Amino acid sequence: MDESAAESRLLAERAATAERLESMRAELAAVAAASAGSNLDDEHDPEGATVAFEREQLAGLRTHTERHLLDVDAALYRLRDGSYGTCERCGQPIGDARLEALPATRVCVTCAAARRAT
Ligand SMILES: [Zn+2]
């Protein structure tokens with residue numbers, strides 16, 4: 001595994017994720033401001049329900065993206081302590097192709113499949 005390539009991939013992933021998170025936060029703030037301003041009743045106004053749904057979707061996406069950012073940071077940390085690229089479940093190498101596609105992953109493809117199945 002090429003560590004400097006892995007590091008630049010992770011740093012690029014980190015920058016892109018942070019940017020996505022920033023725009024999601026702005027969008028959420030805009031949705032919150034819009035619904036506060038219009039004084040919609042979430043339960044009885046159909047438009048209010050749509051706004052609430054949209055806000056929920058956005059909040060879910062934001063949580064997912066925040067988690068991903070933590071994963072990228074954890075991967076950068078593992079790169080420094082030398083455990084990057086090793087599956088945390090079975091201890092086998094994760095493999096370059098998988099690391100290229102998913103630079104922040106913690107597990108090999110076999111363990112990922114096993115985890116999804118259970
Ligand atoms: Zn594994």
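Note: the structure precedes this text.
What you see as residue numbers is a count from 1 along each chain, following the sequence as written. In view of the model being predicted, local features appear only for residues whose pLDDT reaches at least 70, and side-chain atom pairs are presented and counted only at 80 or more, with totals across whole chains, interfaces and linings using the full set of residues. Hydrogens are left out, water is left out, and the side-chain values use all remaining heavy atoms of the structure.

Q: What exactly am I supposed to notice about the environment of L69 here?
A: The numbering of helices and of strands both runs from the N terminus, where a helix is a DSSP run of H or I of at least 4 residues and a strand a run of E of at least 2. You can see L69 is positioned in helix α2 (residues 46–81). We call a residue buried when its accessible area falls under 20% of the maximum for its residue type, exposed when it is over 50%, and partly exposed in between, using a 1.4 Å probe and counting protein chains only. On the basis of relative accessible area, L69 is assigned to the buried category, the value being 14%. Each C-alpha atom of the pair L69 and A15 lies 9.2 Å from the other, and the pair is 54 residues apart in sequence. Throughout, a residue-residue contact means that at least one pair of heavy atoms, one from each residue, lies within 4.5 Å. Sequence-distant contacts of L69, that is, excluding residues within four places in its chain, are made with R14, T17, A18 and L21.

Q: Can you walk me through the coordination of the zinc ion in this structure?
A: When a metal carries six donors in an octahedron, the ideal angles between them are 90 or 180 degrees, while four donors in a tetrahedron ideally lie at 109.5 degrees. Ligating atoms shown are N, O and S within 2.8 Å of the metal, or 3.2 Å for Na, K and Ca, and water is not included, meaning a site may look less than complete. The protein atoms donating to the zinc ion are C87 (SG), C90 (SG), C108 (SG) and C111 (SG), with metal-donor distances spanning 2.2 to 2.3 Å. Classification of the site at the zinc ion as tetrahedral follows from its four donor atoms and the range of 105 to 117 degrees in their angles at the metal. When the donors of the zinc ion are listed by position in the chain, the intervening gaps give C-x2-C-x17-C-x2-C. Taken together, the residues C87 in the loop between α2 and α3 (96–101) and C111 in helix α4 (residues 109–117) connect sequence positions 24 residues apart. The class of C87 is buried, set by a relative accessible area of 3%. For four-coordinate sites, all angles between 85 and 135 degrees define a tetrahedron; for four- and six-coordinate sites, opposite donors beyond 155 degrees with the remaining angles between 65 and 115 define square planar and octahedral shapes respectively, and all other cases count as irregular.

Q: Please explain the nonpolar core as it appears in this structure.
A: Generally speaking, nonpolar side chains in soluble globular proteins are found buried as a group. Residues L10, Y84 and C87 are the most contacted members of the largest nonpolar core, which totals 15 residues. Those elements that place two or more of their residues in this core are α1 (3–38), α2 and α4. By residue number, the principal contributor to this core is α2, which donates four residues. In this view, C87 contacts Q92, I94, R106, V107, C108 and C111; residues no more than four positions away in its chain are not counted. In these notes, a set of buried Ala, Val, Leu, Ile, Met, Phe, Trp, Tyr and Cys residues joined through side-chain atoms within 4.5 Å is what counts as a nonpolar core.

Q: Got a minute to help me understand a negative patch on the surface in this structure?
A: The residues that make up patches have over 30% relative accessible area and no salt bridge, and they are joined within 9 Å when like-charged or within 5 Å when they are Val, Leu, Ile, Met, Phe, Trp or Tyr. Throughout, the Shrake-Rupley method with a 1.4 Å probe supplies accessible areas, and for residues the shown protein chains are the sole cover considered. The term salt bridge refers to a side-chain nitrogen of Lys or Arg lying within 4 Å of a carboxyl oxygen of Asp or Glu. Asp and Glu are treated as the negative residues and Lys and Arg as the positive ones, with His and the ends of the chain left uncounted. For the purpose of locating charges, the reference atoms are NZ of Lys, CZ of Arg, CG of Asp and CD of Glu. A cluster of acidic side chains, namely D2, E3, D96 and E100, defines a negative patch on the protein surface. For D96, the location among the structural elements is in helix α3.

Q: In this structure, what is going on with the pattern of salt bridges? I would like to understand it.
A: If the charged atoms of two oppositely charged side chains come close together, the side chains can form a pair. A complete count under the given rule lists five salt bridges for this structure. For the salt bridge of E7 with R80, the shortest nitrogen-to-oxygen distance reads 3.4 Å. Here the residue E7 occupies a position in helix α1, and R80 occupies one in helix α2, the gap between them amounting to 73 residues. You can call E7 partly exposed: its relative accessible area is 28%. Across the pair D71 and R106 runs a salt bridge whose closest N-O atoms are separated by 2.9 Å. A residue pair is termed long-range when its members are at least 10 positions apart, and D71 in helix α2 and R106 in the loop between α3 and α4 qualify at 35 residues. A residue is classified by how much of its surface remains accessible, and R106, at 29% relative accessible area, is partly exposed. Here the salt bridges do not stand alone but share partners, grouping D71, E88 and R106 into one network.

Q: Where do I start with the side chain of R78 in this structure?
A: By the element assignment, R78 lies in helix α2. No salt bridge is formed by the buried R78, whose closest oppositely charged neighbour, E88, lies at an N-O distance of 5.1 Å. We define a polar contact as two N or O atoms separated by no more than 3.5 Å, with the added condition that, inside protein, one atom must be a possible hydrogen donor and the other a possible acceptor, whereas residues neighbouring each other in sequence contribute only through side-chain atom pairs. At a separation of 3.3 Å, a polar atom in the side chain of R78 contacts the main-chain carbonyl oxygen of T105. If we ignore the near neighbours within four places in the chain, the residues touching R78 are S83, Y84, A104, T105 and R106.

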